[in-house]
Amino acid sequence: MTPVRAHYAERFTPVFDDFDGLLSHMDGDDHTRIRNLVHAAFTRTEVDTYTQWIEALADRLMTACVNSGEADLVQDFAVPLPITVISEIVGIPPEMRPQVKAWSDDYAAVAVDFYTSVSTEVMERGMNSISEFRAYLLQRIEELRNDDSSALLRTLAEAEADGEVLSNNEVLANTILMLAAGNETTTATLGHGMRLFFEHPDQVALIRDNPTMMTNAVEEIMRLHGPIQFIGRFALEDVEVGGKTIPKGDLLLPVIASANRDPEAFPDPTTFDITRDHIHHLAFATGRHMCAGLQLAKLEARLGLEAFLKHMDSFELTETEFPLFKVFNIHGFSKLRVKTKATN
């Protein structure tokens, strides 16, 4: 994080102090230590225990959209589903979830864009929200200890690996990351998935004929419209790529969205095709830094889109333009307005 700090005013140091504790910004032993503790909560076996609950939640939210006559499928469905799920897992009570969502939005505006350019106003808001977020989580840890809770937040705060425990900064920084990443990216995926289903009835017909195709559909949605467009990395040493020398310390911005539309890997890459074989996209990164929550994200996307598909014929889009998130590096819609056909 040191090279980035120099691009921002010194008063924003607390923001980068928080980021220093992130799993995604570590390598070596520290990365392995924290990842092993976090990963245990998001294995496929562990995530599968939430299936029935997520399925019921998704159906309840989608039924409410149908019954309302008019709805915004992003704000009324794609936003509340993942923030409810990740908050429940971490141990955030229902009354605090709207505030956690607001903090997460401010955090994400800084956390995914700081490699490029973030305005002073956005940095100020992000710094204040991170401070409030951290103070709340410290308080919540004590509440969970008193309640003898098994929530992930308490588990991380008390976790021990080879005689070592996570520092306060590591616990707080990675909990905030989980809460933010665990809702922002899934909201984006659900929004794109619902729009693509409206626009591609032929692909929807394939899923209705063979519901197991939904799994492949989720992968194709994430390939075509992955929620994160690029990542930032610094060259640790001089390196040559494609005949060009990248000096040590230079900032690189690998564009995930471009890799996921590489015609050598994906024939006809701009086409939405759920019948593709082996959709090895990079929406969750790869290798040691592959997203720890990918199994949960895929489960939520699948169950959410299955709930939508059950009611899809009840809806029609009321707009042809879909406004995007304000955060540059999160590729998703802020609105997807529909009305139920019964109200015509």
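The present account deals with the structure reproduced in this document. Everything numeric here is computed off the predicted structure, so don't read it as measured data. (Residues numbered from 1 in each chain as written. Predicted model: local features only at pLDDT ≥ 70, side-chain atom pairs only at ≥ 80, totals over all residues. Heavy atoms only, no water.)

**Notes on the overall build of the protein**
The number of helices and strands found in the protein is 15 helices and nine strands. A compact globule built from 344 residues should have a C-alpha radius of gyration of about 20 Å, and the protein, at 21 Å, falls within 12% of that. Taken over the C-alpha atoms alone, the protein extends approximately 60 × 55 × 40 Å along its principal axes. Taking the contacts inside the protein whose residues are at least 6 apart along the sequence as the reference set, 72% of them involve residues at least 24 apart. Once the 30 positive and 52 negative side-chain charges of the protein are each reduced to a mean point, those two points are 3 Å apart. (Helix = DSSP H or I, 4+ residues; strand = E, 2+ residues; numbered from the N terminus. Rg over C-alpha atoms; globule rule 2.2 N^0.38 Å. Contact = heavy atoms within 4.5 Å. Lys, Arg positive; Asp, Glu negative; His and termini not counted. Charge placed at Lys NZ, Arg CZ, Asp CG, Glu CD.)

**Let's talk about the nonpolar core**
Grouped together as the largest cluster of nonpolar side chains are 100 residues, with contacts concentrated most on Phe19, Leu73 and Phe197. With twelve residues, the top contributor of residues to this core is helix H11 (residues 168-199). By size, the runner-up hydrophobic cluster in this structure holds nine residues, among which are Val112, Ala188, Phe325 and Val327. (Core = buried A, V, L, I, M, F, W, Y, C linked by side-chain atoms within 4.5 Å. Buried < 20%, exposed > 50% of the residue type's maximum accessible area, 1.4 Å probe, protein only.)

**Quick look at the pairing of strand E9 (residues 337-340)**
Taking every second residue as pointing to the same face, the buried face of E9 carries Val338 and Thr340, while none of Arg337 and Lys339 on the other face is buried. By the bridge criterion, three bridges tie strand E1 (residues 70-72) to E9 in an arrangement that is antiparallel. When the bridges of E9 are listed, alanine 71 appears paired with valine 338. The sheet contact formed by strand E8 (residues 315-317) and E9 spans three bridges and is antiparallel. Following the sheet pairing, leucine 317 is matched in E9 by valine 338. (Pairing = 2+ DSSP bridges.)

**Looking at helix H8 (residues 97-111)**
Over its 15 residues, H8 runs 20 Å from end to end, which matches the ideal 21 Å to within 8%, given 1.5 Å per residue. Among the 15 residues in H8, eleven count as buried, and that is most of the element. Listed in full, the buried residues belonging to H8 are Arg97, Val100, Lys101, Trp103, Ser104, Asp106, Tyr107, Ala108, Ala109, Val110 and Ala111. Buried positions along H8 lie against helix H2 (13-19), helix H7 (80-90), helix H9 (120-146) and H11. (Expected span 1.5 Å × (residues − 1).)

**So, helix H12 (residues 201-209)**
Burial in H12 covers these residues: Gln203, Val204 and Ile207. All buried residues of H12 lie within an arc of 100° about the axis, which places them on one face of the element. Seen from the open side of H12, the exposed residues pointing more than 90 degrees away from its buried face are Pro201 and Asp209. On its buried face, H12 sits against H11, helix H13 (213-224) and helix H15 (294-311). (Arc of directions from axis to C-beta.)

**Notes on the packing of H9 against H11**
One can describe the packing of H9 onto H11 by two numbers: an axis separation of 10 Å at closest approach and a directional angle of 110°. Viewed along their axes, H9 and H11 adopt a mutual orientation that is roughly perpendicular. The segment H9 lies against H11, with Ile130, Phe133, Arg134, Leu137, Leu138 and Ile141 engaging Asn169, Val171, Leu172, Ala173, Thr175, Ile176 and Leu179. Within the contact of H9 with H11, the residues separate by chemical class into ten nonpolar, two polar and one charged. (Axes fitted to C-alpha atoms, helices over the stretch in contact; angles between N-to-C directions. Parallel < 35°, antiparallel > 145°, perpendicular 65-115°, else oblique. Nonpolar A, V, L, I, M, F, W, Y, C, P; charged D, E, K, R; others polar.)

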